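Structure assessment
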Amino acid sequence: MKQNSSNQEPWTKEILEQGIIKLDFSNLLPYCRILTAEMLISVALGQVLSLLICGIGLTSKYLSEDFHANTPVFQSFLNYILLFLVYTTTLAVRQGEENLLAILRRRWWKYMILGLIDLEANYLVVKAYQYTTLTSIQLLDCFVIPVVILLSWFFLLIRYKAVHFIGIVVCILGMGCMAGADVLVGRHQGAGENKLVGDLLVLGGATLYGISNVWEEYIIRTLSRVEFLGMIGLFGAFFSGIQLAIMEHKELLKVPWDWQIGLLYVGFSACMFGLYSFMPVVIKKTSATSVNLSLLTADLYSLFCGLFLFHYKFSGLYLLSFFTILIGLVLYSSTSTYIAQDPRVYKQFRNPSGPVVDLPTTAQVEPSVTYTSLGQETEEEPHVRVA
């Protein structure tokens, strides 16, 4: 074999030197990068969010079941207070147009609506656990995905390719597999006392989540992450404080306070604060749709922890579900989405390091902003104002 190989070397070398066969792998390099580093980063960032949601779910479970502390509004209130202390105060000390008072003068009513939507989305889904089954909540909570897709399509003008829809379907199939495994192993399904009411609460919460996520993506791409979190902290704390005083003050008085309960509230608040602080970073790098697909694995992380903490029964379908969702995420992240038209449809596109630029209206302008599932930004964008 070695002799044959050596006999072929001059012939192969001659062919390559004469240009009969040209091997050029340079065009494959961008695809190699997409299929390795960028794609893995995109999937990994979403899994960090899922792990934070897992921590939120575990601490909430201990509070409600072991200590009978049913205080979802109070728990949200603690998170909004943390956001207020960190991000709202940051806006308060800024100068110019990014100052808190300047933002409130221009957009206070928009953030007031967004803060209310964000609060009630959390409340409706938590409240649904009292009426419907866990399986119903897991399946119906997927309704947030078509909501985000439709809102992104019409308001953010994001367009998807066939592979994106294939990835989405695969992810939802993975969720269906998990729900089926819950039924087969007889996992605790919840109260189910008034299933229709509970299902409607989940659908309502999922719809509000979708609205909040797409609005969040718009803000962090056109304004800033700190402004979004600062305004959410301000109005979220305001509305949750009112709702807490009206609806949950009696439940709060019944809580048997001790160091264990205090530690659980601290753990919940830390996970929730981390989720709110990190999610805008992931959304800006990927998209609201990609983030919501990644969050489908959160229930599986909670289940895997429950195998050791709560002695849940195991089924091989859970692993199948987990890897099915990951395959769907890889498919979705394997190619970029794109924007339908010129980015001037976004008003007040903010570039902190660049001046205000008037784009020409006579020449045909190619879209310079592309929303991608991988967050590939090739250039800094000018600050564009549309009258």
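See the structure printed just above.
Cut-offs applied
Residues numbered from 1 in each chain as written. Predicted model: local features only at pLDDT ≥ 70, side-chain atom pairs only at ≥ 80, totals over all residues. Heavy atoms only, no water. Axes fitted to C-alpha atoms, helices over the stretch in contact; angles between N-to-C directions. Helix = DSSP H or I, 4+ residues; strand = E, 2+ residues; numbered from the N terminus. Left-handed = near helix turned anticlockwise from the far one by under 90°. Nonpolar A, V, L, I, M, F, W, Y, C, P; charged D, E, K, R; others polar. Salt bridge = Lys/Arg side-chain N within 4 Å of Asp/Glu carboxyl O. Buried < 20%, exposed > 50% of the residue type's maximum accessible area, 1.4 Å probe, protein only. Expected span 1.5 Å × (residues − 1). Phe/Tyr/Trp six-rings, centres within 6.5 Å; stacked < 30°, edge-to-face > 60°. Lys NZ or Arg CZ within 6 Å of the ring centre and 35° of its normal.

Turning next to the packing of helix α4 (residues 100-128) against helix α8 (residues 195-222). One can describe the packing of α4 onto α8 by two numbers: an axis separation of 8 Å at closest approach and a directional angle of 145°. Judged by the sense of rotation from one axis to the other, the crossing of α4 with α8 is left-handed. Of the residues belonging to the contact of α4 with α8, the class tally is 15 nonpolar, five polar and four charged.

Here we come to the pattern of salt bridges. Considering all chains together, one arrives at four salt bridges under this definition. Where K61 meets E65, a salt bridge forms, and the shortest distance between an N and an O atom there is 2.8 Å. In this pair, K61 and E65 both sit in helix α2 (residues 29-66), four residues apart, roughly one turn of the helix. The exposure class of K61 is buried, given its relative accessible area of 18%. The partly exposed category is assigned to E65, whose relative accessible area is 44%. As a salt-bridge pair, E98 and R94 come within 3.4 Å of each other at their nearest N and O atoms. Given the relative accessible area of 26%, E98 is considered partly exposed.

Time to look at helix α12 (residues 298-309). Relative to the 16 Å expected for 12 residues at 1.5 Å per residue, α12 spans 16 Å between its end C-alpha atoms, a close match to the ideal helical length. Those residues of α12 lying buried are A298, L300, Y301, S302, L303 and G306. The positive-phi residue at the C-terminal boundary of α12 is H311, with phi of around 60°.

Turning our attention to the packing of aromatic side chains. Under the criterion given, the structure shown has 10 aromatic pairs. For the ring pair Y301 and F322, a centre distance of 5.7 Å and an interplane angle of 70° mean the geometry is edge-to-face. In this pair, Y301 sits in helix α12 while F322 sits in helix α13 (residues 316-333), placing the two residues 21 residues apart along the sequence. There is no split in this pair, since Y301 and F322 are both buried. Its guanidinium or amino end placed over the ring of W153, R159 lies 4.1 Å from that ring's centre, counting from NZ or CZ.

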